[in-house]
Every structure is written in C-alpha cells, then in structure tokens.
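Tertiary structure, described
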Amino acid sequence: EDQVTQSPEALRLQEGESSSLNCSYTVSGLRGLFWYRQDPGKGPEFLFTLYSAGEEKEKERLKATLTKKESFLHITAPKPEDSATYLCAVPPYNQGGKLIFGQGTELSVKP
Amino acid sequence: DAGVIQSPRHEVTEMGQEVTLRCKPISGHNSLFWYRQTMMRGLELLIYFNNNVPIDDSGMPEDRFSAKMPNASFSTLKIQPSEPRDSAVYFCASSLLRDTSATNEKLFFGSGTQLSVL
C-alpha cells in the first residue's frame, strides 16, 4: 500500500537553530515528491517538487533533498516566520491526479 | 487572481441537518479536488473532478456525502444528514492537469471550511 510517513510530529527550535524534517515513502514507481507548507487557518501552499534521487531544491532557508526511500527538508538558521506545518505528498501508483499526504511536521521557531 | 475561494469559512450545524460547502476554483484550472483534514487522519482526498467530470470518488466516506461540479467555476460538497464525526476542515483545491494519468504538478488550496456538527 502506498504510504507517506513524516517525522517528527512536532519540532521546536530556537531562532537560528538548524534542523531537518523527514518524509519516508513507500510507493511503486515514484512520480514526484511534493512539499507543502500550511499556516494555521489556511490551506497548504506548494513549496517544492522533487522527481529523482539526488535532486535538491532550495527556497530561502529551506532545502529539500530526495533519496530512493525518503526526503528531507533542511531548515537553515530558521526564523519565527518559518513556523508552520510542513506536509509532504506523493502520487499513488497508477492513479494520476491524486496525492497522498503525510501527517505533517509542526515546526515552531522561537525568537 | 483571487485564488481558490471557499464558503462558508465556518459552519456550525446540528446533527441530522444538511450542509453544503461551496468552492470556486482558479480560472483556467481544469481539475478540482475536495480534501478533508482532521487531527487523527490528516489530509484525505474525498473526490476529484477533471473537466467537470468526477474521476475518483473512492475517498467519499459514504452515501451521505455527494459532490457536484455543474460548470468549470463552481463545485459543491453536500453532507446529508450530517453527523458529529463529519466535523473537520474541508479544503477545496484546483490545478491544471494535463490529463487524468498525469502527475499533479501543483495544487492550489482554498482557506477551507471549518465544519462543526453538534
């Protein structure tokens, strides 16, 4: 069964304290892995798409990487405005258009 | 563009009542998705449409749920009768999908409807 698991469930950091979020997936024939950011009271907002192992994408303090079994979202010198829930998602095997989301990691960055 | 627009933002109703959630997708997008988010189950796909046609409704929990897309700019999700376990945040999302076998490149979500069934 296609599955996405994120860890940790919650992460508390001090401003400037770098860390990483993990997204493990099991899906046949990966056709992309997606990262979204969700702020309280809002819908998820697209961040990155990764398609192949070894690929990396960067946006400000965020860098997403992909291996054959997992993806990491590295946060370098985070700021309080990076506080949000980060979701990863994959398309299930042979079901175009759909995305399976992980449970998310709730990140809190304190000043 | 105003983005995906959902209404109402909040809905409080009593068990047994009919609830209708509304969504206006981004103009030009050909696919529309209804998701439900709860603490226990996370973000779950209920149904999605492509070119106004329902493609996959395998996530619709039961016959009490129904969704329609009468035209490219409007969709509804109806729950009748509603139950307390339906309480959740319901999101509508839209995208431009090349075809129904293609990978969805990017979903644009609305702000959601917070539904509380008492």
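Numbering of residues starts from 1 in each chain and follows the order in which that chain's sequence is written. Chain letters start at A and ligand numbers start at 1, both assigned in the order the entries are written. Two thresholds apply to this predicted model, a pLDDT of at least 70 for residue-level local features and 80 or more for giving and counting side-chain atom pairs, whereas whole-chain, interface and lining totals are computed over all residues. The side-chain quantities take in all heavy atoms of the structure and omit both hydrogens and water.

**As for the sheet that holds strand β8 (residues 74-79) of chain B**
Residue and element names in this part refer to chain B. Worth spelling out the cut-off: Any two strands are treated as partners once DSSP identifies two or more bridges connecting them. Here a helix means four or more residues in a row that DSSP labels H or I, a strand means two or more in a row labelled E, and each is numbered from the N terminus. Convention adopted: a line fitted to C-alpha atoms gives each axis, helices being fitted over their contacting stretch, and angles between N-to-C directions are expressed from 0 to 180 degrees.
If you trace the four strands from one edge of the open sheet to the other, you get β1-β3-β8-β7, paired in antiparallel fashion. Since the sheet does not close on itself, it has two edges, and those belong to β1 (5-7) and β7 (65-71), each with one partner. With direction set aside, neighbouring strand axes in the sheet form an average angle of 15 degrees. Strand direction decides the pairing type here: strand β3 (residues 19-24) and β8, joined by five bridges, are antiparallel. Bridge pairing in β8 places Val19 opposite Ile79.

**A short note on the nonpolar core**
How we decide: In this description, a nonpolar core means a group of buried Ala, Val, Leu, Ile, Met, Phe, Trp, Tyr and Cys residues linked to one another through side-chain atoms lying within 4.5 Å. Buried residues are those whose accessible area, probed at 1.4 Å on protein chains only, stays under 20% of the maximum for their type, while exposed residues exceed 50% and partly exposed ones sit between those limits. Should any heavy atoms of two residues lie within 4.5 Å, those residues are considered in contact.
One finds Leu33, Trp35, Phe48, Leu62, Leu73, Tyr86 and Leu107 of chain A to be the most contacted residues of the largest nonpolar core, which totals 23 residues. Elements with a minimum of two residues in this core: β2 (10-14), β3 (19-26), β4 (33-38), β5 (45-50), β7 (62-66), β8 (70-75), β9 (84-90) and β11 (105-110) of chain A. For Leu62 of chain A, the residues in contact, after removing those within four places along its chain, are Leu47, Phe48, Lys57, Leu73, His74, Ile75 and Tyr86 of chain A. Counting 21 residues, the second largest nonpolar core, distinct from the first, contains Trp34, Phe49, Phe65 and Cys92 of chain B.

**Side note on the side chain of Arg36 of chain B**
Residues and elements named next belong to chain B. Topologically, Arg36 is positioned in strand β4 (residues 31-38). Arg36 gets classed as buried once you look at its relative accessible area, which sits at 12%. Not counting residues up to four positions away in its chain, the partners in contact with Arg36 are Gly42, Leu43, Glu44, Leu46, Pro61, Phe65, Asp86, Ala88, Val89 and Tyr90.

**Section: the pattern of salt bridges**
Test applied: For salt bridges, the criterion is a side-chain nitrogen of Lys or Arg within 4 Å of an Asp or Glu carboxyl oxygen.
Counted according to the given criterion, the structure contains 13 salt bridges over all chains. One salt bridge connects Lys98 of chain A with Asp56 of chain B, and the closest N-O pair in it is separated by 3.1 Å. Placement of the pair is Lys98 of chain A in the loop between β9 and β10 (100-101) and Asp56 of chain B in strand β6 (residues 53-56), with the two residues belonging to separate chains. Neither residue differs from the other here; Lys98 of chain A and Asp56 of chain B are each classed as buried. Across the pair Arg64 of chain B and Glu62 of chain B runs a salt bridge whose closest N-O atoms are separated by 2.8 Å. Its relative accessible area of 10% is what places Arg64 of chain B among the buried residues. Through salt bridges with shared partners, a single ionic network connects Glu62, Arg64, Glu83, Arg85 and Asp86 of chain B.

**Digging into the packing of aromatic side chains**
Rule in force here: Ring geometry is summarised as follows: Phe, Tyr and Trp rings, the Trp one being its six-membered ring, pair when their centres sit within 6.5 Å, and such pairs are stacked at plane angles under 30 degrees, edge-to-face over 60 and tilted between the two.
For the structure on display, the rule yields eight aromatic pairs over all chains. Geometrically, the ring pair formed by Tyr36 of chain A and Phe109 of chain B is edge-to-face, given 6.0 Å between the ring centres and 85 degrees between the ring planes. In this pair, Tyr36 of chain A is assigned in strand β4 and Phe109 of chain B in strand β10 (residues 108-109), connecting two distinct chains. Note on Tyr36 of chain A: relative accessible area 0%, which makes it buried. For Phe109 of chain B, a relative accessible area of 12% puts it in the buried group. Here the aromatic rings of Phe101 of chain A and Phe109 of chain B are separated by 6.2 Å at their centres, their planes lie at 75 degrees, and the arrangement is edge-to-face. Taken together, the residues span two chains, with Phe101 of chain A in strand β10 and Phe109 of chain B in strand β10. Accessibility expressed as a relative area gives 7% for Phe101 of chain A, which makes it buried. Through a chain of ring-to-ring contacts, the aromatic side chains of Tyr36, Phe46 and Phe101 of chain A together with Tyr35, Phe91 and Phe109 of chain B assemble into a single cluster.

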